[in-house]
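Listed below are the residues making up each chain.
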Amino acid sequence: MSLVNLLNFDLAELTAFCAQLGEKPFRATQLFRWIHQRGVSQFAEMTDLAKSLRERLPQLATIQPLPVLSRHNSADGTVKWLFDVGEGNAVETVFIPETDRGTLCISSQAGCAVGCRFCSTGHQGFSRNLTTGEILAQLWYAEHTLRRERGQTDRVITNVVMMGMGEPLQNYGALIPALKVMLSDHGYGLSRRRVTVSTSGVVPMIERLAQDCPVALAVSLHAPTDALRDSLVPLNKKYPLAELLAVCRNYLPHAPRDFLTFEYCMLDRVNDQPAHASALIAMLQEQRALGFDCKLNLIPFNPFSDSGLRCSAPTAVERFASQLVRAGFVTTVRKTRGDDIDAACGQLAGDVRDRTSVDARMQALRGVVEQPIQWSNKEERT
Ligand code: SAH
Ligand code: SF4
């Protein structure tokens, strides 16, 4: 009989599992806390569980971590792990420490079916959805490994962004229990504003997220018109801008903050011209008039082989950002971090490196975890 992986369960599901064993709900809470708050994977160490349960559990259940294929540490404290999810698939997880927070970027799928033109994960195609347990194993491992290494008992990871590989809203069924564990007081205890789901715009699932688990939302916009967005984010043909903006607007009352973030990947001469900025401003001003406020996060494109695309010139990024700022939109541009581990990525085996597009994900992540600072007042440039 195969063992049940308890990392797959949110607290309600773990309670149901314990009920099947004839155990009271408080036992599930104890077990849940041992797993997520204390990072314990051996039932024998869970000293306040009844001895009979401690002895029974190993025959029925397990706490299954993901095997680590590699780890890279940057001089600035950024850590990047590559996890094996079987059958030649690997996903990556990145920890970015800042003075006031520690952010973990988590993957939701091996590959991605959306196929955005500028994304190497998209170019590789879709392998499979991660399970709830595989999504949470990234957080479980990172949190407890970093705590141990730092000799720390309080939490290291204060923020989670679902911005690793994959489209989280195309793995909705596994995502929601994982988010619930992140938010649970008996789990990781993160507030809703510190957990961000990034999406390329799966409209019906944004609607459902608003009801089921309204965490912070970042929407990958990348273009101000349907024609251009169709060519960059194929999902736009199914869910065009008007629908996407409407669902974002409706999400706002549920959102933990009073704005949403739009991500915009800066592609040389594709979407970075003054006319694009003007069209974007017009579109966002229309939304603002309807009470929908947003912030912009410009991510200079990280090139990869065969993309046929180039990163915008720094002057183009600067010009684009100034136009938005002049129109009153808070705009951030990524700052560079962890360059030394980008170099170290070259040491990964070629096929694994291609599959996980470590460089591209790092670049993308850096842009998004920054504080939303008014770009024009800062010296950060690309
Ligand atoms: N699938 C989700 C979340 C993962 S991608 C989404 O698309 O939002 C996280 C962010 O990285 C997205 O904003 C995406 O547009 C951006 N991104 C992907 N490839 C990139 C690249 N090569 N350079 C810069 N940003 C990239
Ligand atoms: Fe998928 Fe996001 Fe990459 Fe698009 S940008 S292919 S949605 S991971």
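Please refer to the structure higher up on the page.
Note that this is a predicted model, so its numbers are computed, not measured.

S.K.: A description of the overall build of the chain should follow, citing residues and the corresponding values.
M.R.: Of regular secondary structure, the chain possesses 14 helices and 14 strands. Here the contacts in the chain between residues at least 6 apart in sequence split such that 67% fall between residues at least 24 apart. Of the accessible surface of the chain, which amounts to about 15,400 Å², a share of 49% is contributed by carbon and sulfur atoms.

S.K.: Break down the site of ligand 1 for me, with residues and values.
M.R.: As a matter of local geometry, ligand 1 sits amid 21 residues, with F118, S198, S220, H222 and E263 nearest to it. The side chain of E167 places a nitrogen or oxygen atom 3.4 Å from a nitrogen atom of ligand 1. A distance of 2.6 Å separates an oxygen atom of ligand 1 from a polar side-chain atom of S220. Alone, ligand 1 offers 530 Å² of accessible surface; in the complex the protein occludes 97% of this.

S.K.: Tell me about the sheet that holds strand β5 (residues 89–98), and name the residues and values.
M.R.: Taken in spatial order, the 10 strands line up as β3-β4-β5-β6-β9-β10-β11-β12-β13-β14 in an open sheet, and their pairing is mixed. Only two strands of the sheet have a single neighbouring strand rather than two, namely β3 (68–73) and β14 (331–333). Each neighbouring strand pair of the sheet contributes to a mean axis angle of 20°, computed without reference to strand direction. In the sheet, strand β11 (residues 216–220) pairs with strand β12 (residues 260–266) via three bridges, with the strands oriented parallel. Bridging from a neighbouring strand, A218 pairs with T261 of β12. Relative to β12, helix α9 (residues 241–251) is tilted by about 145°, and along the sheet it contacts β11 and β12.

S.K.: Tell me what's going on with the nonpolar core, and back it up with residues and numbers.
M.R.: Ranked by size, the top nonpolar core spans 112 residues in total, and within it L6, L31, F118, L179, M182, L209 and F262 carry the most contacts. Here M182 is in contact with I106, I135, L136, L139, V160, M162, Y188, G189, L190 and V195, once residues within four sequence places are set aside. In this structure, I96, V161, M163 and A218 belong to the second largest nonpolar core, which totals six residues.

S.K.: Tell me about the site of ligand 2, residues and numbers included.
M.R.: Surveying the vicinity of ligand 2 reveals the residues C112, V114, G115, C116, C119, G122, G166, E167 and S200. The residue makeup of the shell around ligand 2, split by class, is four nonpolar, four polar and one charged.

S.K.: Account for the pattern of salt bridges, with residues named and values stated.
M.R.: According to the stated counting rule, one finds 11 salt bridges in the structure shown. The partner of K51 in a salt bridge is E55, and the shortest N-O contact between them spans 3.1 Å. Here E55 and K51 lie together in helix α3 (residues 51–60), a separation of four residues that amounts to about one turn. The exposure class assigned to K51 is exposed, which follows from its relative accessible area of 56%. With its nearest N and O atoms 2.7 Å apart, the salt bridge here joins E149 to R71. You can see E149 sitting in helix α5 (residues 132–150) and its partner R71 sitting in strand β3, a full 78 residues away along the chain. What makes R71 partly exposed here is its relative accessible area of 30%. Here the residues in one salt-bridge network are E98, D100 and R101, joined through shared partners.

S.K.: Give me the lowdown on the packing of helix α2 (residues 25–37) against α5, citing residues and values where you can.
M.R.: Running from N to C, α2 and α5 cross one another at 65°; their axes reach a closest spacing of 9 Å. As summarised for this structure, α2 and α5 are arranged roughly perpendicular, according to the angle between their axes. Contacts between α2 and α5 involve I35, H36 and Q37 on the former and, on the latter, L136, W140, H144 and R147. Grouping the amino acids of the contact of α2 with α5 by side-chain chemistry returns three nonpolar, three polar and one charged.

Cut-offs used in this document
- The residue numbers shown here count from 1 along each chain, following its written sequence.
- Throughout, the order in which chains and ligands are written sets their labels, letters from A for the former and numbers from 1 for the latter.
- Only residues with pLDDT of at least 70 get local features here, since the model is predicted, and only at 80 or more are side-chain atom pairs given and counted; chain-wide, interface and lining totals rely on the full set of residues.
- Note: side-chain values were computed over all heavy atoms of the structure, leaving out hydrogens and water.
- Put simply, DSSP H or I for four residues or longer makes a helix, DSSP E for two residues or longer makes a strand, and each gets a number counted from the N terminus.
- Any two residues having at least one pair of non-hydrogen atoms within 4.5 Å are treated as being in contact.
- For the area figures, the Shrake-Rupley method with a 1.4 Å probe applies, and any residue is considered shielded solely by the protein chains shown.
- Neighbouring residues are identified by heavy atoms, a residue being near a molecule or strand if any of them is within 4 Å of it.
- Polar contact criterion, stated in full: a pair of N or O atoms within 3.5 Å, where within protein one must be able to donate a hydrogen and the other to accept it, and residues adjacent in sequence count only if both atoms are side-chain atoms.
- Only when DSSP finds a minimum of two bridges between them are two strands counted as paired.
- Orientation is described by lines fitted to C-alpha atoms, with helices fitted over the stretch in contact, and by angles between N-to-C directions that extend from 0 to 180 degrees.
- Joining through side-chain atoms within 4.5 Å is the link that ties buried Ala, Val, Leu, Ile, Met, Phe, Trp, Tyr and Cys residues into a set, and such a set is a nonpolar core.
- Note on exposure labels: buried denotes an accessible area under 20% of the residue type's maximum, exposed denotes more than 50%, and partly exposed covers the range between, all computed with a 1.4 Å probe on protein chains only.
- Under the convention adopted here, Pro, Cys and the residues Ala, Val, Leu, Ile, Met, Phe, Trp and Tyr are nonpolar, Asp, Glu, Lys and Arg are charged, and Gly plus all remaining residues are polar.
- The salt bridge criterion pairs a side-chain nitrogen of Lys or Arg with a carboxyl oxygen of Asp or Glu, the two atoms within 4 Å.
- If an angle is under 35 degrees, it is roughly parallel; if it is over 145, roughly antiparallel; if it lies from 65 to 115, roughly perpendicular; otherwise it is oblique.

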